[in-house]
Amino acid sequence: MSVKMTNAHVGLCRILKLCAVLVHLHAAVLSLPDQSETLYAVDKGNACNVTGLWRSDLGSLLQLHAVGSLLKGVYVTTVETSLGAAGSHGQAGLTGFVSEGAQPTITFSVLWEKGSCTSWVGQCFTLPNGERVLKTHWMLRSVAKIPLENWMSTRFGEDRFAFVPAS
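For clarity, every value in this text was computed on a predicted model and none was experimentally measured.

Turning next to the nonpolar core. One recurring pattern in soluble globular proteins: nonpolar side chains tend to sit buried together. Val50, Trp54, Leu62, Leu64, Tyr75 and Leu134 are the most contacted members of the largest nonpolar core, which has 20 residues in total. Of all elements in the fold, only strand 2 (61–67), strand 3 (70–76), strand 4 (91–98), strand 5 (105–111), strand 6 (117–126) and strand 7 (132–141) reach the threshold of two or more residues within this core. With near-sequence residues (within four places) excluded, Leu134 lies in contact with Val50, Trp54, Leu62, Leu64, Ile106, Gln123, Cys124, Asp159, Arg160 and Phe161.

Next comes the structure, spelled out in C-alpha cells:
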C-alpha cells in the first residue's frame, strides 16, 4: 500500500522532526552543569512561599498574600518616569496568580492611579543559603495621548525581589 504525502503531511513531518531536535537539544542543555543550576538548586524541604513582604533591587516594596493560586497585595514603587506618574502615593493594589510547587511561577498586575498598568511574570526561588528571591520580567503600559505615541508607550524590564523577613 502506498501513502501519498500532501503538503500538509510534509509540513507536519518537518515540525515533528524539528520538535525531536529541540527535545534532544533541551535534554543536552539540561545535563550541562552551569552556575544557574548551582545557584537555583531546589531544596525540596524549603519551598519558596510568596506570601509576605518583598523589596526590589531598586527599593520598591511588594506585599503579597497567596490563597491557593490567587494573589492579592499592594505594590509601592520607588521608580517613576516623572514625579507623580504612579499617582499621588506611588502605590496600588495588585492581583495575580501563583503556581504550585517548590519554586512556583508567579504573575501579578497593577493598575496605577493615572491609568498606566504594569504586569510582572517570574518565579520564586529558594537559594541554597535559604534566601528567597523573585526573579521577574515586567511590562509597563503608559497611557498614549494619541495613536502616534503608541510606539513609546510600552516598556519592558526585569526586577529581582528579595524576601524581607518579619522582625
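What follows continues from the structure just given.
Our focus in this paragraph is the sheet that holds strand 8 (residues 154–164). Read around the closed barrel, the 8 strands follow the order 1-2-3-4-5-6-7-8; overall the barrel is antiparallel. For this sheet, the mean angle separating the axes of adjacent strands, direction not counted, is 30 degrees. Of the pairings in the sheet, the one linking strand 2 to strand 3 comprises 7 bridges and is antiparallel in character. In the strand pairing of strand 3, Leu64 is matched with Gly73.

Before going further, it helps to examine the layout of surface pockets. There is about 680 Å³ of room inside the largest pocket. Around the largest pocket sit 27 residues that line it, and Val79, Glu80, Thr81, Leu140 and Arg155 are the ones nearest its centre. For the lining of the largest pocket, the secondary structure elements donating two or more residues are strand 6, strand 7 and strand 8. Considering every element that reaches the lining of the largest pocket, the biggest residue donor is strand 8, with 3 residues.

Rules of the game
- Residues numbered from 1 in each chain as written.
- Predicted model: local features only at pLDDT ≥ 70, side-chain atom pairs only at ≥ 80, totals over all residues.
- Heavy atoms only, no water.
- Core = buried A, V, L, I, M, F, W, Y, C linked by side-chain atoms within 4.5 Å.
- Buried < 20%, exposed > 50% of the residue type's maximum accessible area, 1.4 Å probe, protein only.
- Helix = DSSP H or I, 4+ residues; strand = E, 2+ residues; numbered from the N terminus.
- Contact = heavy atoms within 4.5 Å.
- Pairing = 2+ DSSP bridges.
- Axes fitted to C-alpha atoms, helices over the stretch in contact; angles between N-to-C directions.
- 1 Å grid on protein atoms, 1.4 Å probe; cavity = no way out; pocket = protein on both sides within 12 Å on 5 of 7 lines; lining within 4 Å.
- Points joined across faces, edges and corners; volume = space filled by probe spheres on them.

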